[in-house]
Structures are given as C-alpha cells and as structure tokens.
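Listed here are the chains, written in short residue letters.
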Amino acid sequence: MSLIDKALKANEQYARTYDPSRGAHPEPKVAVVTCMDPRLSDLEAILGLATGDMDVIRTGGPAVTQDVLSELVVSTRVLGTTEILLLDHTGCGFTTFTDEGLNQKLASLTGNSEPGPMRFFSFEDPEHHTGLLREVLVD
Ligand SMILES: [Zn+2]
C-alpha cells in the first residue's frame, strides 16, 4: 500500500467522524510564511498558536515568490490577518544545493536544458536569508 493509499484510507475514517462545525470559516490573525520542511509541520507546538489563528503559507526555503506575495495580499486584505511571521530554519534542504547545480543536474539527467534555467531559491545562511526575506516583505 502506497502512502497515498494509506492517506486516502485514513481520510475515509476521518470523514466518518468529521465535525461539520469545523467547516466554519476561520478568522486567522497571523500569516505564517514557512518552509515546506516536514519538521515544521507542528506549528501549533512550535509557535504556541492555535490552528485557527494561523494562515500558513508554505514554500521551499521559504522563498517569498510572487505567488507568496499574492497569498500574503489575500491573507492580509481578504482573510484579515494583521501580522506576518516569517519562519526560517536551520538545516533547510534548500541550503544543500545551488540553483546552478540543480539546473545542471536536470539538464544532465534529461539531456535537455529546457525549460531552464529554473529558479529554486536555494540559499546558504538561514539568518541572512531571513533578513533578505524581511526586506522583501517590508519594502
Ligand atoms: Zn527548509
């Protein structure tokens, strides 16, 4: 059984016991931009915030891409969040490669450099990365 099959089976069980009152529209108070790293999955424990208080936007790195900026506009202007929390972390997978190296690897694996080069938002230092992201969000 694949993990997706296992997840679908678990979802069937979850749906049988789902409380419809949980379907009410949440009113998040803070937008959390964080990495897709599974070690950051338990944000309630990591940040001490309730699930419904967070509008979580996940991206690799985390990179503040044009899509993330669009989601932040929706979060702050439509959903009503009033704060933005940027959660970077040490040991990020995006520090283990460079955009150039991964583009070269893809071209080598496929024998084709198209479409490319792609931007993967790799970085080296989480603190420096967070500072750069802060500049993007504040400016
Ligand atoms: Zn990461």
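Here the structure is shown first, and the text comes after it.
This one's a predicted model, so the numbers in the text were calculated from it and none came from an experiment.

## Points about the overall build of the protein chain
Summing up its helical and strand segments, the protein chain has five helices and three strands in all. Listing each helix as α and each strand as β along the protein chain from the N terminus yields α-β-α-β-α-β-α-α. Here the protein chain has a C-alpha radius of gyration of 18 Å; the compact-globule value for 139 residues is 14 Å, and the former is much larger. Projecting the C-alpha coordinates of the protein chain onto the three principal axes gives extents of approximately 50 × 45 × 25 Å. Total accessible area computed for the protein chain in this model is approximately 9,700 Å², and 56% of it derives from carbon and sulfur atoms. Looking at charge distribution, the protein chain has the averaged site of its 11 positive side-chain charges lying 8 Å from that of its 21 negative ones.

## Section: the coordination of the zinc ion
Bound to the zinc ion are the protein donor atoms Cys-35 (SG), His-89 (NE2) and Cys-92 (SG), situated 2.1 to 2.2 Å from the metal. Summarised as a motif, the one-chain spacing of the donors to the zinc ion is C-x53-H-x2-C. With a gap of 54 residues between them, Cys-35 in strand β1 (residues 30-35) and His-89 in the loop between β3 (83-87) and α4 (99-110) connect regions that are remote in the sequence. Residue Cys-35 shares its accessibility class with His-89, and that shared class is buried.

## Considerations on the packing of aromatic side chains
Counted under the stated rule, the structure contains three aromatic pairs. Between Tyr-14 and Tyr-18, the aromatic rings sit 5.7 Å apart at their centres with planes inclined by 55°, giving tilted as the arrangement. Given a relative accessible area of 41%, Tyr-14 falls into the partly exposed group. The class for Tyr-18 is partly exposed, based on a relative accessible area of 35%. Relative to Phe-120, the ring of Phe-97 has its centre 6.4 Å away and its plane inclined at 80°; by these criteria the two rings are edge-to-face. Of the two residues, Phe-97 sits in the loop between β3 and α4 while Phe-120 sits in the loop between α4 and α5 (126-138), which places them 23 residues apart along the sequence. In textbook terms, an aromatic cluster arises when at least three aromatic residues are bridged by ring pairs, as seen for Phe-94, Phe-97 and Phe-120.

Rules and cut-offs
Residues numbered from 1 in each chain as written. Predicted model: local features only at pLDDT ≥ 70, side-chain atom pairs only at ≥ 80, totals over all residues. Heavy atoms only, no water. Helix = DSSP H or I, 4+ residues; strand = E, 2+ residues; numbered from the N terminus. Rg over C-alpha atoms; globule rule 2.2 N^0.38 Å. Areas by Shrake-Rupley, 256 points an atom, 1.4 Å probe, with all protein chains shown as cover. Lys, Arg positive; Asp, Glu negative; His and termini not counted. Charge placed at Lys NZ, Arg CZ, Asp CG, Glu CD. Donors = N, O, S within 2.8 Å, 3.2 Å for Na, K, Ca; no water. Buried < 20%, exposed > 50% of the residue type's maximum accessible area, 1.4 Å probe, protein only. Phe/Tyr/Trp six-rings, centres within 6.5 Å; stacked < 30°, edge-to-face > 60°.

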